[in-house]
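Listed below are the residues making up each chain.
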Amino acid sequence: MDMRPVLVRKAINRSRKAAADTRARLLPTAYSGMRLTPKRLLNYWRSRYEMWRGVERVRARPLVLTVEATNVCNLRCPQCFTGVGELGREKSMLHVEDFRRLLDELGDYLLKVEFYNWGEPLLNKQLPQMIRLAADKGIATVISTNLSFPMTDERAEEIVRSGLHVIGLSADGATQGVYEQYRVRGDLALVLANVDRLNAAKRRLGSATPRIVYSYHLFAHNTHEVDSARALAREHEMEFSLMKGWVAGADWDTEGRYNFGFHPSVGRCFYLWQQGVVHNDSGVAPCCATFYKEDDFAELGAASGDTRQSFRDAWNNDAFRAARRMFADDPAHDRRDLVCYDCPVTRIWRDYREHVRAGRPASAFEVHAAYNDGWNYFFARRPSRAKPLELIPLVPVNANRDLAGKAAAQADMSDAV
């Protein structure tokens, strides 16, 4: 038997895989709507190099920018700072001129802008203008929204015309009773009506975007509605995304049947090198998990023309450089006041470096942390002015539900997580 055709096919497959691996190493994630330019590509390579080396004073600009369109929200999700009524900073809307000023500085380098963090972004009436500014520069644009508020056809068309690329719809149930356990004060029928309104606007305007992704977070109370939610997504022309939900306190999934989006691992914090976070009041935070103004690292100048620092100045100020020193090969311990100091990501790195310095093989290091530990850390860290958090526990809808049936349903769904 002539084996040459088989060998040729194998060689071709190996070459294709090698080419794909090379592209993955050299090119950034292809976010929906992103236009990759030489300037962005050079900045991407520089950013990756600086993070790999642990450079303290960086020259690269962020690859991704998280901007808080507003810190106001209409829902009362029981394990969210905003939902339980905490005030991290004064309530306000990000002004389009403040965003324009930020984009003038960073826009040529950014791959993606996320217009959300601790609030409901679509409550900001100027959001479509800000999205258009970013989209026109070839930057991928994303929002996460609950969509549980009145929306007119005109508003839907304004959102579609903005150039928005992706809408992540936060809805954790397929029936009102299950959905509202976490999305307190939300109306699932209104949410789905708004999805239909957006899809109708896309058809009228001949637009393929924004893609709408039904983002379903798994909790103990809603695992049995996953299949129904998938069906709802298909019915209303949405993509479907499933991920285990994190909660403050003990992990609800004690047997580890489901997976979070990712697991803690050894590595430098990408926020400190690759992702900028700017709040609605122009406060610059070290990452998206911080809530209180006391944990900001800087404050940018406002559109009124004051003399406060630019983003690049903030990006390399004392706080950011000190935080990056915590990820040196010999981590510095001189800024215990910074929120980064006791973050699980920092502690894993510190433990790893101590493990290596003790002469033990790097391959023998074990990460003793769970993704939920990060959520707990940020929820527990509160300034003295903050009130004690009284979080509402999330429990199954019917605690007497047949446990064998529950286990079978969880096993069926585990492959999809």
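In this text the structure is predicted, and so the values were computed from the model without any measurement.

Engineer: I would appreciate a short explanation of the sheet that holds strand β5 (residues 211-218) in the present structure.
Structural biologist: Across the sheet, nine strands lie side by side as β6-β5-β4-β3-β2-β1-β7-β8-β9; this open sheet has mixed pairing. Every interior strand has two partners, whereas the edge strands, β6 (239-244) and β9 (298-299), have only one. Running over the sheet, helix α3 (residues 96-106) touches β1 (64-67), β2 (112-114) and β7 (275-278) and is turned about 170 degrees from β1.

Engineer: Can you walk me through the packing of α3 against helix α4 (residues 127-136) in this structure?
Structural biologist: Angle between the axes and distance between the axes are the two parameters that describe a pair of packed helices. Their axes nearest at 9 Å, the elements α3 and α4 cross at an angle of 15 degrees. Between α3 and α4, the crossing angle belongs to the class labelled roughly parallel. The two elements α3 and α4 meet at a crossing, and its hand is right-handed. Only Q129, M130, L133 and A134 of α4 make contact with α3, whose side of the interface consists of V96, F99, R100 and L103. Of the residues belonging to the contact of α3 with α4, the class tally is six nonpolar, one polar and one charged.

Engineer: Whenever I open this one, unusual backbone geometry confuses me. Can you help?
Structural biologist: Most peptide bonds take the trans configuration, and most residues that are not glycine carry a negative phi. Of note, the bond from T209 into P210 is cis; its omega dihedral lies within 30 degrees of zero at 5 degrees. Position of P210 among the secondary structure elements: in the loop between α7 (188-205) and β5. A positive phi angle, close to 55 degrees, is found at L147, a residue other than glycine. With respect to the element layout, L147 can be found in the loop between β3 (140-145) and α5 (153-161). L147 gets classed as buried once you look at its relative accessible area, which sits at 0%.

Engineer: Hey, could you run me through the state of the cysteines in this one?
Structural biologist: Between two cysteines, a covalent bond joining their sulfur atoms is known as a disulfide. Within this structure, the stated rule accounts for zero disulfides. With no disulfide of its own, C80 has C77 as its nearest cysteine by sulfur position, at a separation of 6.1 Å. Unpaired in terms of disulfides, C269 finds its nearest cysteine sulfur in C287, a separation of 6.2 Å.

Engineer: Could you clarify how one ought to interpret the confidence of the model for the protein in this entry?
Structural biologist: Close reading of the predicted structure is inappropriate where its pLDDT is low. Looking at the protein as a whole, the pLDDT averages 88, with 86% of positions reaching at least 70. pLDDT under 50 marks residues 395-417. Its contacts with residues more than four places away, or in other chains, come to 30 contacts.

Engineer: So what exactly am I meant to see when it comes to the side chain of Q275 here?
Structural biologist: As for its placement among the helices and strands, Q275 is situated in strand β7. Within the structure, the side chain of Q275 is placed 2.9 Å from the side chain of T66, a separation counted as a polar contact. Ignoring anything within four residues of it in the chain, the contact list for Q275 reads P62, V64, T66, E114, F270 and W315.

Engineer: How should I be thinking about empty space enclosed by the protein in this particular structure?
Structural biologist: Regions of empty space are outlined by a rolling probe, equal in size to a water molecule, passed over the atoms. By the definition in use, this model includes one cavity of 30 Å³ or more. As a volume, the largest cavity reaches approximately 30 Å³. What lines the largest cavity is F81, A289, T290, F291, Y292, D295, V339, F378 and R381.

Engineer: Please clarify how α4 should be interpreted in this entry.
Structural biologist: An α-helix turns once per 3.6 residues; consequently, residues spaced three or four apart project the same way. Residues of α4 that are buried include every one of L127, P128, M130, I131, A134 and A135, and no others. All buried residues of α4 fall inside an arc of 160 degrees around its axis, so they share one side. Tucked into the core, α4 has its buried residues touching α3, β2, β3 and α5. Immediately beyond the C-terminal end of α4, within one or two residues, lies G138, with a positive phi of roughly 80 degrees.

Engineer: Would you explain the nonpolar core in this entry?
Structural biologist: Note that soluble globular proteins tend to have their nonpolar side chains buried in a common cluster. Counting 99 residues, the largest nonpolar core has V67, F99, V113, F115 and L147 as the members making the most contacts within it. The element best represented in this core is α7, accounting for six residues. The contact partners of L147, leaving out residues within four places of it in the chain, are E120, L122, L169, L190, V191, N194, V195 and L198. Core analysis: the next-biggest nonpolar cluster, separate from the first, contains seven residues, Y44, L63, L111 and A140 among them.

What counts, and where the lines are drawn
Residues numbered from 1 in each chain as written. Predicted model: local features only at pLDDT ≥ 70, side-chain atom pairs only at ≥ 80, totals over all residues. Heavy atoms only, no water. Pairing = 2+ DSSP bridges. Helix = DSSP H or I, 4+ residues; strand = E, 2+ residues; numbered from the N terminus. Contact = heavy atoms within 4.5 Å. Axes fitted to C-alpha atoms, helices over the stretch in contact; angles between N-to-C directions. Parallel < 35°, antiparallel > 145°, perpendicular 65-115°, else oblique. Left-handed = near helix turned anticlockwise from the far one by under 90°. Nonpolar A, V, L, I, M, F, W, Y, C, P; charged D, E, K, R; others polar. Buried < 20%, exposed > 50% of the residue type's maximum accessible area, 1.4 Å probe, protein only. Disulfide = S-S within 2.5 Å. pLDDT = per-residue confidence, 0-100. Polar contact = N/O pair within 3.5 Å; in protein donor to acceptor, adjacent residues only side chain to side chain. 1 Å grid on protein atoms, 1.4 Å probe; cavity = no way out; pocket = protein on both sides within 12 Å on 5 of 7 lines; lining within 4 Å. Points joined across faces, edges and corners; volume = space filled by probe spheres on them. Arc of directions from axis to C-beta. Core = buried A, V, L, I, M, F, W, Y, C linked by side-chain atoms within 4.5 Å.

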